[in-house]
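Residues per chain, in single letters:
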Amino acid sequence: MKSILDTRPTLAAEIYKVAEVAGYLWEKGWAERNGGNITINVTNEVGCGCSLPDKALAGPFEIGETLPNLKGCWFYCKGTNRRMRDLARDPMANGSVIKITDDCAHYYIVADTVVPPTSELPSHLAVHNYLIGKGSSYKACVHTHPTQLVAMSHTDAFLKKDVLTKLLWSMIPETKAYCPRGLGIVPYMLPGSKALADATIAAIDEDYDVVLWEKHGVFAIGEDVIEAFDMIDTLNKSALIYRDARAMGFIPDGMTESQMAEISKAFNLPK
Ligand code: 2HA
Ligand code: ZN
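Basis of the calculations
- Residues numbered from 1 in each chain as written.
- Chains lettered and ligands numbered in written order.
- Predicted model: local features only at pLDDT ≥ 70, side-chain atom pairs only at ≥ 80, totals over all residues.
- Heavy atoms only, no water.
- Phe/Tyr/Trp six-rings, centres within 6.5 Å; stacked < 30°, edge-to-face > 60°.
- Helix = DSSP H or I, 4+ residues; strand = E, 2+ residues; numbered from the N terminus.
- Buried < 20%, exposed > 50% of the residue type's maximum accessible area, 1.4 Å probe, protein only.
- Lys NZ or Arg CZ within 6 Å of the ring centre and 35° of its normal.
- Core = buried A, V, L, I, M, F, W, Y, C linked by side-chain atoms within 4.5 Å.
- Contact = heavy atoms within 4.5 Å.
- Donors = N, O, S within 2.8 Å, 3.2 Å for Na, K, Ca; no water.

*Asks:* Would you mind going over the packing of aromatic side chains with me for this structure?
*Replies:* To describe a pair of aromatic rings, you give the distance between the ring centres and the angle between the ring planes. Scanning the model with the defined rule gives six aromatic pairs in all. With a centroid separation of 5.2 Å and 35° between ring planes, the pair formed by Y24 and F229 is classed as tilted. With Y24 in helix α1 (residues 9-27) and F229 in helix α9 (residues 225-247), this pair connects stretches of sequence that are 205 residues apart. Note on Y24: relative accessible area 30%, which makes it partly exposed. Ring centres of W213 and F219 lie 5.7 Å apart, and the angle between their planes is 25°; on these two criteria the pair is classed as stacked. We note that W213, like F219, is buried. Pairwise contacts between aromatic rings join Y24, W30 and F229 into one cluster. Here K176 stacks its cationic end above the ring of W169, 4.5 Å away from the centre of that ring.

This is the structure:
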């Protein structure tokens, strides 16, 4: 079958990055069943040249809200109920390319097959809308269920502002260097709800690239899907070090405040 990827190599490159990350999420055990979601803004990769609605496969469908910054934008989205492990093998059969209509309230499924996008589409699109509004160059949103970070969200002590950020940063220098904004916290809310989307945007706006959803998972943004994944992976590595130290029978000391300040200076970090 002819694929939109055949004639658009830069689009194909971004979508294959999503497939690569989907495979990592499955291998790490962070994507049980259809867990997690990925959306990427591929407007730049598509360019113009596809006149719509003539070439749309299906739609228009309602987003559920009006997102004024998304006029004419294109996204690749994991499909609803689709599994990361399947997307890793075949991204165009387990996700779809959509285009937002000029009224900013609907979308068409454009390619390659009619795979309805993730049930979390409104919340992911709300974040993309926010990012564009801020003039951000970030194009990727990743939601996944990293086991150890989710485990750590099951105690109040870790949910106070920046307690986990400092603890995780202090486990290994790389975590502060490569996840320099830390880990925002969003209290438990119904998955897929507008309240959860709004709270996530508020946490991103407070200056976090990765947000922990209490007793559920994380939501990360990045320039691309690899960068978003790497930040989650780095934070979860710190969680594993913490867990292993506790399992060895001691509470880890962590790097000192002055060692962490030294990292911020050496890497010219924002926090
Ligand atoms: O869509 O992980 O939280 C699958 C999810 C929703
Ligand atoms: Zn989830």
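Still more ground to cover, so stick around.
*Asks:* Please explain the nonpolar core as it appears in this structure.
*Replies:* Generally speaking, nonpolar side chains in soluble globular proteins are found buried as a group. Formed by 49 residues in total, the largest nonpolar core has its most connected members in L25, I38, Y76 and V210. Apart from residues lying up to four places away in sequence, L25 is in contact with W30, A31, I38, M84, V142, T144 and F229. In terms of nonpolar packing, the next biggest core, distinct from the first, is built from 29 residues, L131, L196, A199 and I204 among them.

*Asks:* I would appreciate a short explanation of the coordination of the zinc ion (ligand 2) in the present structure.
*Replies:* Around a metal, the idealised angle for a tetrahedral arrangement of four donor atoms is 109.5 degrees; for an octahedral arrangement of six donor atoms it is 90 or 180 degrees. Each protein donor to the zinc ion (ligand 2) is listed here as H143 (NE2), H145 (NE2) and H216 (NE2); together their distances run 2.0 to 2.1 Å. Along the chain, the residues that donate to the zinc ion (ligand 2) are spaced as H-x1-H-x70-H. You can see H143 sitting in strand β6 (residues 140-144) and its partner H216 sitting in the loop between β8 (210-213) and β9 (217-222), a full 73 residues away along the chain. H143 gets classed as buried once you look at its relative accessible area, which sits at 2%.

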